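A closer look at the structure
The residues making up each chain are set out below.
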Amino acid sequence: MTKKIKVGIVGGTGYTGVELLRLLSQHPHVQLHAITSRKEEGMKVSEMFPNLRGKVDLAFSTPENAALTQCDVVFFATPHGVAMAQAQELLAAGVKVIDLAADFRLQDTAEFEKWYKMPHSCPDILKNQSCYGLVEINREKIAQSQVIGNPGCYPTTIILGLAPVLEAGLVDVSHVVADCKSGVSGAGRKAEVGTLFSEASDNFKAYGVSGHRHHPEITEQLSKLAKEPVQLLFVPHLVPMIRGMLSTIYVKIKPEALQTDFQKLYEERYAKEAFVDVMPAGSLPETRSVRASNQLRIALHRPGNGDTLVIVVVQDNLVKGASGQAVQNMNVLFGLPEDTGLGHVAVLP
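Here, residues in each chain are numbered from 1, in the same order as that chain's written sequence. Local features in this predicted model are restricted to residues of pLDDT 70 or higher, and side-chain atom pairs are both shown and tallied only at a pLDDT of 80 or more, whereas totals for entire chains, interfaces and linings draw on every residue. Note that the side-chain values use all heavy atoms of the structure and ignore hydrogens as well as water.

Quick notes on the overall build of the chain
Threshold: Helix and strand assignments follow DSSP, with helices taken as H or I runs no shorter than four residues and strands as E runs no shorter than two, numbered in order from the N terminus. All radius of gyration figures rest on C-alpha atoms, and the globule criterion is 2.2 Å times the number of residues raised to 0.38. Burial status follows relative accessibility: with a 1.4 Å probe on protein chains alone, a residue under 20% of its type maximum counts as buried, one over 50% as exposed, and anything between as partly exposed. Residue contacts follow a heavy-atom distance rule, with two residues in contact if any of their heavy atoms lie within 4.5 Å. Accessible areas in this description were obtained via Shrake-Rupley with a 1.4 Å probe; residue shielding takes into account the shown protein chains only. In summary, the charge assignment counts Lys and Arg as positive and Asp and Glu as negative, without counting His or the chain termini. Taken as the charge location is NZ of Lys, CZ of Arg, CG of Asp or CD of Glu.
In terms of helices and strands, the chain carries eleven helices and 14 strands. A globule of 349 residues ought to have a C-alpha radius of gyration of about 20 Å, and the chain, at 20 Å, matches this closely. Taking the principal axes of its C-alpha atoms as reference, the chain extends roughly 60 × 45 × 40 Å. By the burial criterion, 55% of the 349 residues in the chain qualify as buried. Within the chain, residue pairs in contact and separated by at least 24 positions form 70% of the contacts whose partners lie at least 6 positions apart. When the accessible surface of the chain is split by element, carbon and sulfur atoms take 52% of a total near 15,100 Å². Put simply, the chain has 34 plus and 36 minus side-chain charges, and the middle of one group is 3 Å from the middle of the other.

In structure tokens form, the structure reads like this:
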């Protein structure tokens with residue numbers, strides 16, 4: 001590919017925004033065109049994010065001055081509702097849209113409005129031009145779409161963790177349990193008491209037990225894979241680390257599937273996936289094994305060789321759970337190898 005992809009980022013000051021900048025500044029086929037922030041207009045990106053000194057030479061600009069319609073693709077690393085307000089204008093100019101918020105994740109607009117407390121302003125685009133951006137599930141459809149709803153971080157671990165057994169119809173879908181933990185960066189880069197160091201450090205807590213807005217996104221996608229409604233109990237937790245996510249998923253194996261070689265099933269399902277690593281039987285994946293990489297690792301356990309399958313999934317919530325997955329989607333949209341610009345090895349220790 002000779003022509004560079006001209007990229008704009010709306011909302012470049014949050015954690016997913018700086019992660020996009022980190023990844024895209026090293027992408028061989030990308031030209032960073034604009035990064036927007038109303039509050040920080042005129043400030044050099046490298047002044048806010050010194051890790052980008054010598055890598056990103058742009059200053060923040062307002063959306064009005066960013067000439068986003070001149071881009072090939074625009075990423076929205078913004079609160080919910082922003083992308084759908086600007087999508088029509090960008091699409092009319094031939095610009096592709098990748099939204100890291102929830103505007104184009106849920107196909108059911110009533111569910112979106114229930115959980116995100118706002119009307120959906122472009123249901124026609126959602127229905128006719130968008131795609132749920134989980135590449136390992138929707139690769140062919142993504143390549144033909146104009147708008148990508150980048151999946152949430154928790155949903156990525158749960159959907160990829162369950163896809164092989166749901167596609168094959170091997171487990172009871174009436175009671176699926178997902179016990180998930182995330183680092184504090186998942187809450188975003190904002191001043192909030194619950195994520196202050198003195199509140200989050202040396203502490204471990206559940207939240208959203210009575211209902212979490214990722215729940216309808218997860219069940220919508222799981223039910224598509226299973227071709228029947230999936231009943232999910234999903235409990236997220238906040239752990240005192242900056243980045244990383246671990247999901248432990250419990251499912252009951254159907255009586256007729258008890259002789260299944262689940263390790264083989266998963267290895268074959270993900271054999272050609274660059275960013276899904278099915279670990280050896282009995283492994284215990286750790287969040288540090290994926291830190292700062294776009295890798296997702298899965299391990300399978302069957303305690304006592306019984307009828308419960310335990311699926312353990314780890315990822316970096318800011319990379320495969322957000323910005324890395326968005327870049328992976330961009331690569332598919334523009335016909336590039338999926339791993340272009342995403343070959344970063346996890347950081348240890």
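Some details on the UniProt feature "domain: Semialdehyde dehydrogenase NAD-binding" (unreviewed entry) in the chain
Going by this rule: UniProt positions are given in the numbering used here, feature names are shortened, and annotations may be inferred rather than shown by experiment.
Sequence positions flagged by UniProt for "domain: Semialdehyde dehydrogenase NAD-binding" (unreviewed entry) are, in local numbering, residues 6-145. Along residues 6-145 the backbone is 34% helical and 18% strand, and the end-to-end C-alpha distance reaches 18 Å.

Considering unusual backbone geometry
Across residues other than glycine, the phi torsion is negative in most instances, and most of the peptide bonds are trans. For the bond running from L348 to P349, omega is -5 degrees, close enough to zero to count as cis. Located in the positive-phi region is A67, a residue other than glycine, with phi close to 50 degrees. Note on placement: A67 falls in the loop between β3 (60-61) and β4 (73-76). Backbone geometry places N305, a non-glycine residue, at a positive phi of 55 degrees. In this fold, N305 is placed in the loop between β13 (296-301) and β14 (308-315). By relative accessible area, which is 58% here, N305 ends up exposed.

Overview of the pairing of strand β5 (residues 96-99)
Selection criterion: A pair of strands is treated as paired once DSSP finds two or more bridges between them.
With burial as the criterion, each face of β5 is covered, one bearing K96 and I98 and the other bearing V97 and D99. Bridge count for β4 against β5 is four bridges, and the pairing is parallel. Looking at β5, one finds that V73 is bridged to K96. Pairing of β5 with strand β7 (residues 147-149) involves three bridges; the strand directions are parallel. If you follow I98 over to β7, its bridge partner there is I148.

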